[in-house]
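Each chain is listed here by its residues.
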Amino acid sequence: MGDYVWMDLKTGREFDVPIGAVVKLCDSGQIQVVDDEGNEHWIFPHNASHIKPMHPTSIHGVEDMIRLGDLNEAGILRNLLIRYREHLIYTYTGSILVAVNPYQLLPIYSPEQIRLYTNKKIGEMPPHIFAIADNCYYNMQRNNRDQCCIISGESGAGKTESTKLILQFLAAISGQHSWIEQQVLEANPILEAFGNAKTIRNDNSSRFGKYIDIHFNKRGAIEGAKIEQYLLEKSRVCRQAQDERNYHVFYCMLKGMTPEQKKKLGLGKATDYNYLAMGNCTTCDGRDDSKEYANIRSAMKVLMFTDTENWEISKLLAAILHMGNLRYEARMYDNLDACEVVRSASLITAASLLEVDPQDVMNCLTSRTIITRGETVSTPLSMEQALDVRDAFVKGIYGRLFVWIVEKINAAIYRPPSHELQSVRRSIGLLDIFGFENFTVNSFEQLCINFANENLQQFFVRHVFKLEQEEYNLENINWQHIEFTDNQDALDMIAIKPMNIISLIDEESKFPKGTDTTMLHKLNSQHKLNTNYIPPKNNHETQFGINHFAGVVYYETKGFLEKNRDTLHGDIIQLVHSSKNKFIKQIFQADVAMGAETRKRSPTLSSQFKRSLELLMRTLSGCQPFFVRCIKPNEYKKPMLFDRELCVRQLRYSGMMETIRIRRAGYPIRYSFVEFVDRYRVLMPGVKPAYKQGDLRGTCQRIAEAVLGKDDDWQIGKTKIFLKDHHDMLLEIERDKAITDKVILIQKVVRGFKDRSNFLKVRHSALMIQRYWRGHNCRKNYGAMRIGFLRLQALYRSRKLHTQYHMARRRIIEFQARCRGCLVRRAFRHRLWAVFTIQAYARGMIARRLYKRLKGEYHRRLEAEKLRLAEEERLRKEMSAKKAKEEAEKKHQVRLAQLAREDAEREVKEKEEARQKKELLDKMEKARNEPVNDSDMVDKMFGFLGTTSSLPGQEGQAPNGFEDLERAQKELEEEDLDAALPLPEEEEEDLSEYKFAKFAATYFQGTTTHTYIRRPLKQPLLYHEDEGDQLAALAVWITILRFMGDLPEPKYHTAMSDGSEKIPVMTKIYETLGKKTYKKELQALQGEGEVRICNLPSYGHKKNSVRHKLVSLTLKKKSKLTEEVTKRLHDGESTLQGNSMLEDRPTSNLEKLHFIIGNGILRPALRLEISAKSQLSFSVVPPTPSS
């Protein structure tokens, strides 16, 4: 009980193999077993002949199936099943990787996994796709030989995903992370969008084959790539089977485009288009078409697709969809079947996108032009023929668009090799080509696809079986011959021997009267005796069968020749030629340039595909191949579902059983004698290089016996040594160990030499330091004596310079006095001239106002007189002239009286306004003379500024009397001042020179401008020689910012209470400015400062003391502000740190004014600076009394 056994159910099915089971009960006369699928079986002992014990290696599974004890299909299948259930989807067969599609995302592809598998041999780590990619890369570098990775399997087995994973790994380990690597990776989303589609078997099935050749430079970095595409399934554009979709790009475009773009292209939903809704499937589980469209656009930008090209591609795709919605109506002309296209929005939109005339499209799709003996004959097409023509046109557009996209990608990622680098440039090729296909209805495309798979299977067979066994025979290796399935006969029948199937199809395609029926007849007559060919059962059937390596496939011959010709008739080419769309002309360039006769002789699709396949096989033959066999576990694309019969069929047709047998019995690792000796001679001391050896075979044998042992399973042939996988691993490990030992020895010697050299260098340096120190000591003593003499000389020179200085100072002072007098007189004259100018303008203004008033009165009276005359003239028609004159005179007198009253009222109003202004001035004068409360006055004047937290423009209500300035000012009535008498030209003054902006541009330092800024300055606006003035200027600006509310107050408060808070600040200012002893005390202070210069050793202390006294002279000592000024402004270091006095506590607006005024009084050099800063600050505030 508990033993594992093999149980053969003997169902008789072709792909049924024994299943693994575990014995649960065997005591009741019957044996109860539970198989791997969970089914219970009761077996009688006399019927137990179909139960066999299981080898221990098959119970829990192995990573390399060569090590399986049960070497049969059942053992291989159970090993894959066990690992699949444990989410271990990769398994080795020697160096061949078997990958089972998990149909779910597994966390085994992270950057950490890439790091773990980098530079590791196959077998060192668990099986993984990254291990194959890593061995491809390092074999390329080590052997300097091109590599290729052939990824094969049925549709839906995971070939495309495996290719993308290998690409990502190669981009990661190349180590450059360059733009070209990004471009190579971004080519995949574009190719998948235009070449992949959802099928019954696969949600992301590649409907074309591709070979990506990645080029590496000598450093192992990716420097380019080239993509070859094979046999795009163009028929999918026009028709899809049930539950299948068209190519991804159509659905992505409809989901991802903006409404404006879709409106320009006339697009709607996917269900609106026949070409997309034919399979009744417009969505795909697990795919976000909108997100995929964004990825496609991003990838196109990386690969240098311009916006214009992207838009042109979208136009062609939209035109294809609209063409699919065209509707036909059958007609009969001259007893001939004909049809016509129903004029619809789809026709108009498609024609506009293709930039052709809609009538030309209709004619092209419903008739065919034939040229016979120089005459042109137009033949109508039946509805069926017209639909075929439309579909052919659409397939032609899409196929040529796909080829153009691949060429565009290659233009971005391919770098032609230079002649100098040709010898060192290597490549890794990744082949992702369509898997073996066998549908309900198989057509020409399936024949080409299965032909390609036959070639790949033959390549695999030749590499693994034929070449292996042939080489063993040539090298006289002891070897047991293994029988294997060879598909060479099928290849000969399809494409190699004379009169093969491909050549017969081509021959029939070139006959004008050749049909699918005549082609099938020729195939039957030529190959009916071939065992791999299955003819139709009767003359009415249109199918023939081929016995492929993966089974029999029946092909429907209907449409074979038309698909093989792959040509468009002349009407369509002429329509393209007439288009104004340059892009469609570009992709049809070869067809347009080719004549009608030339198009008939152009190579057929099968011949082109055969030639491309031959080139591919030649390329693969020149590379060292790695194989990845992808297995599809079930047909339902569901995770954790394992279909045993489906997997057995794939394993059997892939030759996996024979592969395991030949890999187990064979020697996958082989070296020529020269390569082996040069690589592993480090394992035996004293072995010379290969070119110096006489007996290379004997040397190889000695090395192998020393490392691997005499009795191990390795062999030596005529020119090569043959090893197992584990032998190569053991040799590499020993080689790495030997090289490491030699490297350590070299490092030891080098480090000894380095340390000895360093010691000698240090010793030499110590001697040099001693020598220089002794010289320095002598020079120091000499220097001390020399300084003494220099001091005597300095004293004498200082006396002499002192005398010269005082003499020059007196002369300069006298010169300054005369200059200042000159400047004062010049300023007085300038101001006097300004006063005269103002007076002249004022008198002129008064005269003009008087003139204007008199002129207005004159015009009013003149107007009244005109009205009187007009009135008199009007009344003469009604009455006599005398009465008319009297009546007009009465009305004239009334109007004159009205004008007199208006003039009187105006004079009264002007007098009232003058009286109010006088009263206001008297009131302001009276208020000025009255004692005021300083705090109330400041709050009243500057309360509109708000608190320090107020935002600019939200300071508060304007003061009383200035509310009207908050509102928009009314436009003043324009006065006519043209009549003013102009002053002489020499007395006119250019007032632009007094503009503040000009002053700022001339005198401001640095990059400061005349505009207001709400942050502290890094330097004063004007230049100041004294450092104290510079720091005080910065402090004044900070105070102005806080006064304006643009800089917050300090949040902590240093308490000071000496009773001075109750004294009005204005009183302090008046008392301070009124001191009569200011001048005397200042002179005394300066004198005292000069005395202290001589007495104190520290000049910095003297400077601070003088500044302290100067500050104390500005305001009374009991003033809180004065104490802070005297405490802080005299200290150069504190001021240098940013005027810490301003950070002690919050201050009121009056204290800020006090601080600004105090600095203006104390430092005359700052007055112009303060004036400029005031102009800056009030340039952003609404006009108020404070401004």
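Looking at an unreviewed UniProt entry, one finds the chain named Myosin VIIA and attributed to Chelonoidis abingdonii. Of the chain, the UniProt comment under Subcellular location (unreviewed entry) reads exactly: "Cytoplasm". UniProt, in its Sequence similarities (unreviewed entry) section for the chain, records the words "Belongs to the TRAFAC class myosin-kinesin ATPase superfamily. Myosin family."

**Considering the overall build of the chain**
Assigned secondary structure in the chain consists of 40 helices and 24 strands. When the 1187 residues of the chain are sorted by exposure, 44% land in the buried category. As displayed, the chain offers around 67200 Å² of accessible surface, 54% of which is attributable to carbon and sulfur atoms.

**Some points on a nonpolar patch on the surface**
Taken together, the side chains of Phe828, Leu832, Val835 and Phe836 define a hydrophobic patch exposed on the protein surface, amounting to about 390 Å² of accessible area. Accessibility expressed as a relative area gives 54% for Phe828, which makes it exposed.

**Structural notes on the packing of aromatic side chains**
Tallied over the full model, the rule gives 22 aromatic pairs. Ring plane angle 50° and centroid distance 5.7 Å describe the contact between Tyr84 and Phe642, whose orientation is recorded as tilted. One end of the pair, Tyr84, is in helix H2 (residues 73–85); the other, Phe642, is in the loop between strand E21 (624–631) and helix H25 (644–653), with 558 residues separating them in the sequence. Classification of Phe642 as buried rests on a relative accessible area of 13%.

**Some details on the pairing of strand E19 (residues 543–548)**
The pairing of strand E18 (residues 533–534) with E19 spans two bridges and is classified as antiparallel. Residue pairing for E19: Ile534 is matched across the bridge by Gly545. Alignment of E19 against strand E20 (residues 551–556), held across six bridges, turns out to be antiparallel. For Gln543, the partnering residue across the bridge sits in E20 and is Glu556. The turn joining E19 and E20, which pair antiparallel and follow one another in sequence, is formed by two residues.

**As for the sheet that holds strand E8 (residues 147–152)**
Read across the open sheet, the seven strands follow the order E6-E7-E21-E8-E17-E11-E12; overall the sheet is mixed. If you trace the sheet from one side to the other, it starts and ends with strand E6 (90–93) and strand E12 (222–230), each paired once. With direction set aside, neighbouring strand axes in the sheet form an average angle of 20°. Summarising the sheet, strand E11 (residues 209–216) and strand E17 (residues 426–432) pair through seven bridges and their orientation is antiparallel. In the strand pairing of E17, Ile214 is matched with Ile428. Running at roughly 150° to E6, H2 makes contact with E6 and strand E7 (96–100) of the sheet. On the sheet, helix H4 (residues 129–143) packs against E6, E7, E8, E11, E17 and E21 and is oriented at approximately 175° with respect to E21.

**Some thoughts on the sheet that holds strand E23 (residues 715–716)**
The strand order across the open sheet built from three strands is E22-E24-E23, with neighbouring strands paired in antiparallel fashion. Bordering the open sheet on either side are strand E22 (669–672) and E23, each of which pairs with just one other strand. As paired elements, E22 and strand E24 (residues 720–723) share four bridges and run antiparallel to each other. For Arg670, the partnering residue across the bridge sits in E24 and is Phe722.

**Quick notes on unusual backbone geometry**
The general pattern is negative phi for most residues beyond glycine and trans for most peptide bonds. Of note in this structure, Asn119 is not a glycine but carries a positive phi near 60°. Within the secondary structure, Asn119 is located in the loop between helix H3 (111–117) and H4. Judged by relative accessible area, Asn119 falls into the exposed class, the value being 54%. Although it is not a glycine, Asn476 sits at a positive phi angle of roughly 55°. Positionally, Asn476 belongs in the loop between helix H15 (444–474) and helix H16 (488–496).

**What to know about the packing of helix H11 (residues 307–324) against helix H12 (residues 345–354)**
For the pair H11 and H12, interaxial distance at closest approach is 9 Å and the crossing angle is 155°. Relative to H12, the element H11 is oriented roughly antiparallel. When you trace H11 past H12, the crossing you get is left-handed. The segment H11 lies against H12, with Lys315, Leu316, Ala318, Ala319, His322 and Met323 engaging Ser346, Thr349, Ala350, Leu353 and Leu354.

**Re helix H30 (residues 881–929)**
Taking 1.5 Å as the rise per residue, H30 with 49 residues should run 72 Å; its terminal C-alpha atoms sit 71 Å apart, in good agreement. Inspection of H30 places Ala884, Ala888, His892, Leu896, Leu899 and Asp903 among the buried residues, and these make up the whole buried set. On its buried side, H30 packs onto helix H29 (725–876).

**Here we look at the side chain of Asp903**
Looking at the secondary structure, you find Asp903 in helix H30. Given the relative accessible area of 15%, Asp903 is considered buried. A distance of 3.3 Å separates the side chain of Asp903 from the side chain of Arg860, its partner in a polar contact.

**Quick look at the side chain of Asn442**
Position of Asn442 relative to the elements: it lies in the loop between E17 and H15. We classify Asn442 as buried; its relative accessible area is 2%. Of note is the side chain of Asn442, whose polar atom sits 3.1 Å from the backbone oxygen of Tyr554.

**A closer look at the pairing of strand E2 (residues 19–25)**
Most of E2 is tucked away: five of the seven residues are buried. Here strand E1 (residues 4–7) pairs with E2 via four bridges, running antiparallel. The residue bridging Trp6 from the neighbouring strand is Gly20, located in E2. For E2 and strand E3 (residues 31–35), the ladder comprises four bridges, and the chain directions are antiparallel. Its bridge partner being in E3, Val22 is matched across the sheet by Val34.

**What about the state of the cysteines?**
The final tally for this structure, using the stated rule, is zero disulfides. Between Cys148, a cysteine without a disulfide, and Cys623, which holds the nearest cysteine sulfur, the sulfur-to-sulfur distance is 4.7 Å. Of the residues examined, Cys148 reaches a relative accessible area of 0% and is grouped as buried.

**Looking at the environment of Gln359**
With respect to the secondary-structure elements, Gln359 resides in helix H13 (residues 358–366). Counting along the chain gives twelve residues from Gln359 to Leu347, while the straight-line C-alpha distance between them is 9.4 Å.

**Here's the deal with the pattern of salt bridges**
Between side chains of opposite charge, a pair can form when the charged atoms approach closely. In the structure shown here, the tally under the stated rule is 52 salt bridges. Salt-bridge contacts for Glu233 lead to Arg236; the nearest nitrogen and oxygen are separated by 3.2 Å. Overall, the relative accessible area of 11% leaves Glu233 in the buried class. Among the ionic pairs, Lys563 bridges to Glu445, the shortest N-O distance being 3.4 Å. Of this pair, Lys563 sits in helix H19 (residues 560–565) while Glu445 sits in helix H15, and the two are 118 residues apart along the sequence. On the basis of relative accessible area, Lys563 is assigned to the partly exposed category, the value being 22%.

**Details of the nonpolar core**
One broad trend across soluble globular proteins is that nonpolar side chains are buried collectively. In terms of nonpolar packing, the biggest core is built from 192 residues, with Phe194, Phe250, Ile313, Tyr398, Ile409 and Leu620 touching the most fellow members. Counting residues per element, this core draws most heavily on helix H14 (residues 383–413), which supplies 14 residues. Every residue in contact with Tyr398, bar those within four places of it in the chain, is listed here: Ala193, Phe194, Leu232, Val237, Tyr247, Val249, Phe250, Leu317 and Ile320. Within the second largest apolar cluster, 25 residues are counted, among which are Val1036, Trp1037, Leu1047 and Phe1155.

**Focus: the packing of helix H7 (residues 248–256) against H11**
Their axes nearest at 11 Å, the elements H7 and H11 cross at an angle of 105°. Judged on the interaxial angle alone, H11 and H7 are roughly perpendicular. Only Ser314, Leu317, Ala318, Ile320 and Leu321 of H11 make contact with H7, whose side of the interface consists of Val249, Phe250, Met253 and Leu254. When its residues are assigned to classes, the contact of H7 with H11 shows eight nonpolar, one polar and no charged.

Definitions and cut-offs
- Residues numbered from 1 in each chain as written.
- Predicted model: local features only at pLDDT ≥ 70, side-chain atom pairs only at ≥ 80, totals over all residues.
- Heavy atoms only, no water.
- UniProt positions renumbered as here; feature names shortened; annotations may be inferred.
- Helix = DSSP H or I, 4+ residues; strand = E, 2+ residues; numbered from the N terminus.
- Buried < 20%, exposed > 50% of the residue type's maximum accessible area, 1.4 Å probe, protein only.
- Areas by Shrake-Rupley, 256 points an atom, 1.4 Å probe, with all protein chains shown as cover.
- Patch = residues over 30% accessible without salt bridge, like charges linked within 9 Å, V, L, I, M, F, W, Y side chains within 5 Å.
- Salt bridge = Lys/Arg side-chain N within 4 Å of Asp/Glu carboxyl O.
- Phe/Tyr/Trp six-rings, centres within 6.5 Å; stacked < 30°, edge-to-face > 60°.
- Pairing = 2+ DSSP bridges.
- Axes fitted to C-alpha atoms, helices over the stretch in contact; angles between N-to-C directions.
- Contact = heavy atoms within 4.5 Å.
- Parallel < 35°, antiparallel > 145°, perpendicular 65-115°, else oblique.
- Left-handed = near helix turned anticlockwise from the far one by under 90°.
- Expected span 1.5 Å × (residues − 1).
- Polar contact = N/O pair within 3.5 Å; in protein donor to acceptor, adjacent residues only side chain to side chain.
- Disulfide = S-S within 2.5 Å.
- Core = buried A, V, L, I, M, F, W, Y, C linked by side-chain atoms within 4.5 Å.
- Nonpolar A, V, L, I, M, F, W, Y, C, P; charged D, E, K, R; others polar.

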